[in-house]
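Remarks on the overall topology
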Amino acid sequence: LAGARADVNPDEVASVLWKYFTELGSNAKETVDQLQQAEITKQLNTLLETKLQSANLYAEDLQRRLVPFATQLQARLAQDSQRLKEQIRQELAELRAKLAPYADEVHQQISTNIRQLQAKMSPYAEELRSQVDRGAGELQRVLEPYATELRDRLQDNAESIQASLSPYADRLQQQIDSGVETLKERLTPLADELKAQVGQSVEELRRGLSPYAQEVQDRLNRQLESLTAQMERAAEELRARLAASSEELRAQLSPLAQELRQVAGSDAESLRQRLAPLAQQLDERVGQTLEAFRQQAAPFGEAFGRQLVERLEEVRGKLDSGTAGVEDHLELLEKEVRDKVAAFLSTTQPAEN
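Residues numbered from 1 in each chain as written. Predicted model: local features only at pLDDT ≥ 70, side-chain atom pairs only at ≥ 80, totals over all residues. Heavy atoms only, no water.

1. Quick word on the overall build of the protein
To be explicit about the condition: Counting from the N terminus, the helices are DSSP H or I runs at least four residues long and the strands are E runs at least two residues long. Classification of residues uses two cut-offs on accessible area relative to the type maximum, computed with a 1.4 Å probe and protein chains only: under 20% is buried, over 50% is exposed, and between them is partly exposed. In this analysis, two residues are considered to be in contact whenever any of their non-hydrogen atoms come within 4.5 Å of each other.
For the protein, the count of helices and strands is 10 helices and 0 strands. For the protein, the sequential pattern of α-helices and β-strands runs α-α-α-α-α-α-α-α-α-α. The buried share among the 353 residues of the protein stands at 43%. In the protein, 86% of the contacts between residues at least 6 apart in sequence involve partners at least 24 apart.

2. Description of the pattern of salt bridges
Spelled out, the test is: By convention in these notes, a salt bridge is any Lys or Arg side-chain nitrogen within 4 Å of a carboxyl oxygen on Asp or Glu.
Counted according to the given criterion, the structure contains 22 salt bridges. The residue arginine 250 makes a salt bridge to glutamate 247 at a minimum N-O spacing of 2.9 Å. Placement of both arginine 250 and glutamate 247 in helix H7 (residues 217-264) is noted, with a separation of 3 residues, approximately one turn of the helix. Relative accessible area serves as the criterion here: at 15%, arginine 250 is assigned to the buried category. Assessed through its relative accessible area of 30%, glutamate 247 is described here as partly exposed. Residues joined in a network through salt bridges with shared partners are Asp177, Glu181, Lys184, Glu247 and Arg250.

3. A look at the confidence of the model for the protein
Spelled out, the test is: For every residue, the predictor assigns a confidence score, pLDDT, that lies between 0 and 100.
Scored by pLDDT, the protein has a mean of 80; 78% of the residues are at 70 or more. By mean pLDDT, the top-scoring element of the protein is helix H5 (residues 103-153) (91), and the lowest-scoring one is helix H1 (residues 2-7) (48). Note that pLDDT drops below 50 for residues 1-6; the model gives that stretch 11 contacts with residues more than four away or on any other chain.

4. Quick look at the packing of aromatic side chains
To keep things clear, this is the line we draw: Stacked, edge-to-face and tilted are the three classes for Phe, Tyr and Trp ring pairs, Trp counted by its six-membered ring, which pair at centre distances within 6.5 Å; planes under 30 degrees apart are stacked, over 60 edge-to-face, the rest tilted.
A full pass over the atoms with the stated rule returns 2 aromatic pairs. Between tyrosine 102 and tyrosine 212, the ring centres sit 5.6 Å apart and the planes meet at 40°, which makes this aromatic pair tilted. Of the two residues, tyrosine 102 sits in the loop between helix H4 (56-99) and H5 while tyrosine 212 sits in the loop between helix H6 (158-209) and H7, which places them 110 residues apart along the sequence. Its relative accessible area of 33% is what places tyrosine 102 among the partly exposed residues. By relative accessible area, which is 22% here, tyrosine 212 ends up partly exposed. Where tyrosine 146 meets tyrosine 168, the ring centres are 5.8 Å apart and the plane angle is 55°; that geometry is what we call tilted. Pair noted here: tyrosine 146 is in helix H5 and tyrosine 168 is in helix H6, with a separation of 22 residues, a long-range link. Under the relative-accessibility criterion, tyrosine 168 is labelled buried at 0%.

5. Describing the layout of surface pockets
Where empty space is left in the structure can be found by rolling a water-sized probe over the atoms. Where we set the bar: Using a 1 Å grid laid over the protein atoms alone, points where a 1.4 Å probe fits but cannot get out form a cavity; open sets with protein on both sides within 12 Å along at least 5 of 7 lines form a pocket; any residue with an atom within 4 Å of a point counts as lining. Grid points are joined across faces, edges and corners, and a volume is the space filled by probe spheres set on the points.
Put simply, the largest pocket is a space of about 600 Å³. Asp11, Ala229, Arg233, Glu236 and Arg338 are, among the 22 residues lining the largest pocket, the residues nearest its centre. Listed by contribution, the elements that provide at least two residues to the lining of the largest pocket are helix H2 (10-26), H7 and helix H10 (326-347). The element that contributes the greatest number of residues to the lining of the largest pocket is H7, accounting for 12 residues.

6. Side note on the nonpolar core
Put simply, the rule is: Nonpolar core, defined: a set of buried Ala, Val, Leu, Ile, Met, Phe, Trp, Tyr and Cys residues in which side-chain atoms within 4.5 Å join the residues together.
Counting residues in hydrophobic clusters, the biggest one holds 83 residues, and the most contacted among them are Leu165, Leu260 and Phe304. Those elements giving two or more residues to this core turn out to be H2, H4, H5, H6, H7, helix H8 (268-297), helix H9 (300-321) and H10. With 17 residues, the top contributor of residues to this core is H6. Those residues in contact with leucine 260, other than ones at most four positions away along the chain, are Leu150, Leu165, Tyr168, Ala169, Leu172, Leu275 and Leu278.

Written as structure tokens, this is what we have:
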């Protein structure tokens, strides 16, 4: 049970709840009652079944506690929505008023932080592009001998080709899987480093602004916490995009092995006729697939850097104008959901056997 408890990630549970709340908010009023219990129970059950398959007692207890908690939280958020929106507006207005005597210095401090962030992100973006290119190039070199071997096999008799084609396809698939996993292992640490750099950048901004905002430090901290949450979410999205691109690469290369297995089941007369085009096209198709992967994944680092800069520029604009938008409201609501879920899970005890 202790191991199962460790598998319950508060962020994942909070993401399910937040997704549910935001989707529910977009539905017509008359559908709320029907969706409220059934949909949230279904989503929570799916999450908990995935994470706690080996600890049914704890899963059942957590479900029993968490579903009522979630529905109560929804009602609380609906009641507090206007209050939180007004709180954000007031905090930003007070921040702007308190920072007004130092407006130029604050603006310059944030601008400096933006330039520093751009300078820090540039090497990471280049390294990510380099690792994508290097990983794709290595995978292409590893797969090249398979094309040569397949062309050589065309010189054998049909029976020999047929007998060896399925094992060949299996080896090809294993090499594709191994290459993709190696590529993911190259890229994941970069995403982790970028996430660490996010926290460092926000902390530097906090220190840079502290001399100007001592009287309203709590309000400024809430804005910076919201900024941190946005940036960390962007870092997690980057990690997910890199993983998804790697898996997409696997999905695009794997049909090559599947086609060879299908050819292996052909009769001897049509075997060569079907195999010859595959043998000639194998290296070309691998090259095209890997080049498409490069074109897709290599710019992720630059896009991530631009996204972080945009977030900082938005903060600068809020402090300059003292105005808040819908996004501020939703960010604070989401942060409250995540805090409440984390606190709830930290106090939930597993059911006794």
